[in-house]
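Per-entry structural report
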Amino acid sequence: MKIAVIVGSTRKDSYNMHVSKYMKERYTDKMDMNILNIADLPLYNQDTENTPTDAVVNFKAEVKSADAVLWVTPEHNATIPAALKNAIDWLSRVDKVMIGKPSWIIGASMGTLGSVKAQAHLRDILFAPGLASPVLPGNEVYIGAVHTKLDENGQLIDEGTVQYLDTVVSNVTNWIKGLNTEQ
């Protein structure tokens, strides 16, 4: 199962990137996770949407070829980061590669609530007509106080968080397999 991973943070030492890399290593037997780079995407502009840069073309191709998208978002001012919104705008235009593609969302922050507000906004955005991406309800992952749950190598060391991620990954992979057999 091929999963496109879109991390909403472009920060060099991003907690959300650490979580994504941890998941990529931990779940290699369940899925092929490809962490995409959104830092090189130009700002979306309708004037150039039909002649996008190679970065946009490659980004959209990776998403299109994936079985599902994992969105890993921090929370900036109680919503998703600008870089993530920009990536979404590119995906929602012209060939609209997200239509019908399953999504799941996780996020981490230093705050106690993880990225709960950003994830709620992202869920709403994914239901927009240019995206129309189904999201499995009841499998939200909010990693609060993430800085206390990672070791110096960026590995998750909080057993409760790891066990919950194991459960969610199992639920999501079963859901995606079910969706693929329905098509």
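As a starting point, this report considers the structure included with it. No experiment lies behind these values; they were computed from the predicted model shown.

Next up on the list: the packing of aromatic side chains. Overall, the coordinates contain one aromatic pair when judged by the stated rule. Summarising the aromatic geometry, the rings of Tyr44 and Trp90 are spaced 5.1 Å apart at their centres and angled 80 degrees between planes, so their arrangement reads as edge-to-face. Of this pair, Tyr44 sits in the loop between β2 (32-36) and α2 (54-65) while Trp90 is found in helix α3 (residues 82-91), placing the two residues 46 residues apart along the sequence. Accessibility expressed as a relative area gives 2% for Trp90, which makes it buried. It is Arg11 that lies over the ring of Tyr15; its NZ or CZ is 5.1 Å from the centre.

Now for the nonpolar core. Among the nonpolar cores identified, the biggest contains 29 residues, and Ile3, Met23, Leu70, Trp104 and Ile106 are the most heavily contacted of them. The set of elements that each furnish at least two residues to this core consists of β1 (2-7), α1 (15-26), β3 (68-72), β4 (103-108), β5 (141-143) and α5 (159-182). The element that contributes the greatest number of residues to this core is α5, accounting for eight residues. Setting aside its immediate chain neighbours within four residues, Ile106 contacts Val19, Met23, Leu70, Trp71, Val72, Thr73, Gln119 and Val141. Counting 25 residues, the second-largest nonpolar core is a separate cluster that includes Ala4, Leu41, Ala118 and Val135.

This part takes up the sheet that holds β1. An order of β2-β1-β3-β4-β5 is seen for the five strands of this open sheet, with the pairing classed as parallel. The open sheet has two edge strands, β2 and β5, and neither has a second partner. Going across the sheet, the axis of each strand differs from the next one's by a mean of 20 degrees, ignoring polarity. Contacting β1, β3, β4 and β5, α5 runs over the sheet at an angle of about 165 degrees to β4.

About the cut-offs
Residues numbered from 1 in each chain as written. Predicted model: local features only at pLDDT ≥ 70, side-chain atom pairs only at ≥ 80, totals over all residues. Heavy atoms only, no water. Phe/Tyr/Trp six-rings, centres within 6.5 Å; stacked < 30°, edge-to-face > 60°. Helix = DSSP H or I, 4+ residues; strand = E, 2+ residues; numbered from the N terminus. Buried < 20%, exposed > 50% of the residue type's maximum accessible area, 1.4 Å probe, protein only. Lys NZ or Arg CZ within 6 Å of the ring centre and 35° of its normal. Core = buried A, V, L, I, M, F, W, Y, C linked by side-chain atoms within 4.5 Å. Contact = heavy atoms within 4.5 Å. Pairing = 2+ DSSP bridges. Axes fitted to C-alpha atoms, helices over the stretch in contact; angles between N-to-C directions.

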